[in-house]
Amino acid sequence: MNTEVTSSDATNLSSSPVGNFKDLGLAEPLLKAIEDAGYTTPTPIQAKAIPLVLKGGDLLAGAQTGTGKTAGFTLPILHLLSQKPAENPAKGKPRCLILTPTRELAAQIAESVVTYGKHLDLKSMVVFGGVSINPQINRLGRFLDILVATPGRLLDLANQGKVDLSGIEILVLDEADRMLDMGFIHDIKKILARLPKKRQNLLFSATFADEIKRLADNLLDNPGFVEVARRNTASEMVEQTVHMVPQAHKRDLVAYLIKENDWQQVLIFTRTKHGANRLTEKLVKSDISAMAIHGNKSQGARTRALAEFKAGQTRVLVATDIAARGLDIDQLPQVVNFELPNVPEDYVHRIGRTGRAGASGAAISLVDREELKYLKDIEKLIKREIPKVQIEGFTAPTKIEPEPPRLLRGQQPNGGQGQKKKQGQNDRRPQGGSKAPEQGKQRSFGNQPNKPSGSRKPNNKQDSQASQSTANMSEAARHQAQPQQPIYAADLNVPRRPRSNSGGGRGNGGGNAGGNSTRSSGNRGNRGNSSGNRGR
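Since the structure is predicted, the reported quantities are computational estimates derived from the model, not experimental observations.

The rules behind these values
Residues numbered from 1 in each chain as written. Predicted model: local features only at pLDDT ≥ 70, side-chain atom pairs only at ≥ 80, totals over all residues. Heavy atoms only, no water. Helix = DSSP H or I, 4+ residues; strand = E, 2+ residues; numbered from the N terminus. Buried < 20%, exposed > 50% of the residue type's maximum accessible area, 1.4 Å probe, protein only. Pairing = 2+ DSSP bridges. Axes fitted to C-alpha atoms, helices over the stretch in contact; angles between N-to-C directions. Contact = heavy atoms within 4.5 Å. Salt bridge = Lys/Arg side-chain N within 4 Å of Asp/Glu carboxyl O. Arc of directions from axis to C-beta. Parallel < 35°, antiparallel > 145°, perpendicular 65-115°, else oblique. Left-handed = near helix turned anticlockwise from the far one by under 90°. Nonpolar A, V, L, I, M, F, W, Y, C, P; charged D, E, K, R; others polar.

Novice: I would appreciate a short explanation of the environment of Pro-344 in the present structure.
Specialist: Its place among the elements puts Pro-344 in helix H15 (residues 344-351). Classification of Pro-344 as buried rests on a relative accessible area of 19%.

This is the structure:
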């Protein structure tokens with residue numbers, strides 16, 4: 001590697017002045033857009049990365065979350081594309097491809113491209129899963145310079161022949177560590193096979209694990225290397241504290257902290273989607289406006305929740321790691337870890353939502369005694385001890401709300417396919433399996449024959465192997481490994497209910513038609529959610 005910034009250099013870079021954007025050699029339209037956005041001084045990652053990208057060589061760059069690395073590659077890319085006309089331009093044939101792991105991050109980068117490129121005659125668009133593919137296909141029928149995409153949806157479009165990647169001049173892999181964690185390496189390899197051999201490659205990552213460097217060795221050609229902070233460190237602008245509290249008291253404590261400290265904008269991380277929903281319900285009951293975003297939410301619901309949170313209309317946003325990666329919220333003052341992540345690097349990304357771009361912030365972690373091993377792993381990673389603070393004034397409730405029974409992987413409440421559980425229906429199904437489920441407890445696909453209990457007996461050996469294989473996965477990777485649920489009756493080997501030609505049959509048929517429509521829509525939603533979590 002021809003350029004390297006060591007840890008000691010990084011510290012100096014963070015504290016020393018780095019000039020202004022005019023010194024970086026950017027085109028005048030870009031400088032005007034930067035000024036319109038209210039920026040004058042580049043961050044350390046921008047000051048080091050932009051000149052290297054402008055030289056046309058490959059780059060491996062790492063910086064803490066919130067240091068402005070998105071502008072570190074969008075600005076020089078816009079400059080390079082504006083200085084050189086496209087060779088053999090064609091509809092649906094972009095010149096630059098930016099790959100990201102999540103929909104929210106893709107949307108954020110696309111917004112940055114539009115913001116900084118508003119005075120240039122360059123066209124850009126973003127594609128990701130969880131939404132209809134048809135508008136994206138229509139947009140790809142026009143001329144295009146920059147394409148921001150998640151791997152899954154991009155492969156769908158490429159396999160359908162709707163996008164031509166043979167003209168890519170610049171490739172960017174952003175949040176490369178998360179893409180590897182989510183299992184995108186195979187999708188990335190398929191995409192790389194469609195790109196021209198001669199191109200400029202930029203790899204940006206919030207953390208530098210050894211796997212990232214192995215990927216860089218195979219992808220990059222004699223790259224410049226920029227690292228403006230020690231590996232896997234949390235921002236010094238974030239005040240970190242730990243509150244020791246039993247798991248059963250955490251929801252009440254969160255509500256107490258929000259009201260006692262009068263927090264007006266709080267981002268809370270939970271380890272599971274079900275936990276996010278439960279916490280949101282508790283906060284709403286406590287007269288605290290809150291919304292949840294996670295993989296089971298539609299893209300529209302996630303976008304709406306994030307927009308209301310940014311606008312201050314919603315006080316609390318509860319999120320899982322997979323949904324919150326890439327969220328960029330200006331001046332976010334407070335982050336709460338409702339549960340510690342079992343992957344230490346995820347902690348760095350979580351608290352990196354606050355203390356961004358030089359602003360101060362606070363991160364509080366609620367830790368049960370069973371989570372102390374996760375806390376030790378985190379402190380080992382960030383090379384510092386997080387102070388434990390006693391909570392004053394909080395009285396634990398005497399009546400603890402019972403936790404619902406834990407479901408098997410892929411199992412839905414009430415045995416249904418996404419039906420909402422009603423209050424009072426928390427009982428598990430009898431183990432004998434002979435008792436027919438009550439009406440409304442399981443979604444019906446026609447006349448379902450009773451199956452012997454043996455057909456429902458879990459494979460303990462396979463379950464044990466699966467649990468061992470996912471023990472050290474992040475929440476995002478575990479969601480990737482979750483099997484898809486059957487949606488249609490054919491998937492369950494259940495005969496469909498025959499339609500009747502009578503008047504009453506026509507009414508039933510109408511009901512079945514409505515049900516089929518709902519299931520079809522649900523299937524599309526599941527595909528969208530799965531795709532969104534895989535970056536589609």
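From this point, the narrative continues.
Novice: For this particular structure, what's the right way to read the sheet that holds strand E1 (residues 59-62)?
Specialist: Hydrogen bonds along the backbone pair up the strands of a sheet, which may run parallel or antiparallel. With parallel pairing, seven strands are arranged side by side in an open sheet as E3-E4-E2-E5-E6-E1-E7. Strand pairing shows two members of the sheet lacking a second neighbour, strand E3 (124-127) and strand E7 (224-227), which therefore form its edges. With direction set aside, neighbouring strand axes in the sheet form an average angle of 10 degrees. Against the sheet, helix H3 (residues 44-54) contacts E1, strand E6 (200-205) and E7, and its axis sits at roughly 170 degrees relative to E1. Helix H4 (residues 69-83) contacts strand E2 (96-99), strand E4 (146-149), strand E5 (170-173) and E6 of the sheet and is inclined by roughly 165 degrees relative to E6.

Novice: Would you take a moment to explain unusual backbone geometry for this structure?
Specialist: Apart from glycine, the bulk of residues carry a negative phi angle, and the bulk of peptide bonds sit in the trans form. Phi is positive for Glu-175, close to 50 degrees, though the residue is something other than glycine. Look at Glu-175 and you get buried, because its relative accessible area is 3%.

Novice: Looking at this structure, how should I read the pattern of salt bridges?
Specialist: Opposite charge on two side chains permits them to pair, given that their charged atoms come into close proximity. The final tally for this structure, using the stated rule, is eleven salt bridges. Two residues, Lys-282 and Asp-252, come together in a salt bridge whose shortest N-O distance is 3.1 Å. Within this pair, whereas Lys-282 is found in helix H12 (residues 273-285), its partner Asp-252 is found in helix H11 (residues 250-261), the two being separated by 30 residues in sequence. One salt bridge in this structure joins Asp-262 and Arg-315, with 3.5 Å as the shortest N-O distance. In this pair, Asp-262 sits in the loop between H11 and strand E9 (266-269) while Arg-315 sits in the loop between helix H13 (299-310) and strand E11 (316-319), placing the two residues 53 residues apart along the sequence. By relative accessible area, Asp-262 is classed as partly exposed at 48%. Taken together, the shared-partner salt bridges in this structure form one network comprising Lys-32, Asp-36 and Lys-118.

Novice: Could you clarify how one ought to interpret the sheet that holds E11 in this entry?
Specialist: Strand order in this open sheet of six strands is E8-E13-E12-E9-E11-E10, and the pairing throughout is parallel. Of all strands in the sheet, those with a lone pairing partner are strand E8 (238-244) and strand E10 (290-293), marking the two edges. Within this sheet the neighbouring strands show an average axis-to-axis angle of 20 degrees, counted without direction. By the bridge criterion, four bridges tie E10 to E11 in an arrangement that is parallel. Directly across from Ile-293, in E11, lies its bridge partner Ala-319. Together, E8, E9, E11 and strand E13 (361-367) form the strand contacts of H11, whose direction differs from that of E13 by roughly 155 degrees.

Novice: Got a minute to help me understand helix H2 (residues 28-36) in this structure?
Specialist: Since the α-helix advances by 3.6 residues per turn, residues separated by three or four positions end up pointing in the same direction. Among the residues of H2, those classed as buried are Leu-30, Leu-31, Ala-33 and Ile-34. Down the axis of H2, the buried set is contained in an arc of 160 degrees. They therefore lie on one face. Exposed residues on H2 whose side chains face more than 90 degrees from its buried face are Glu-28 and Glu-35. Buried residues along H2 sit in contact with H4 and helix H5 (103-116).

Novice: Help me out: how do you make sense of the packing of H3 against H4 in this one?
Specialist: Between two packed helices, what matters for the description is the angle formed by their axes and the separation of those axes. Between H3 and H4, whose axes approach to 9 Å, the crossing angle comes to 30 degrees. Taken together, H3 and H4 sit at an angle that is classed as roughly parallel. By crossing handedness, the relation of H3 to H4 is classed as right-handed. Residues Ile-45, Gln-46, Ala-49, Ile-50, Val-53 and Leu-54 of H3 pack against Lys-69, Ala-71, Gly-72, Leu-75, Pro-76, His-79 and Leu-80 of H4. For the contact of H3 with H4, the residue count by class is nine nonpolar, three polar and one charged.

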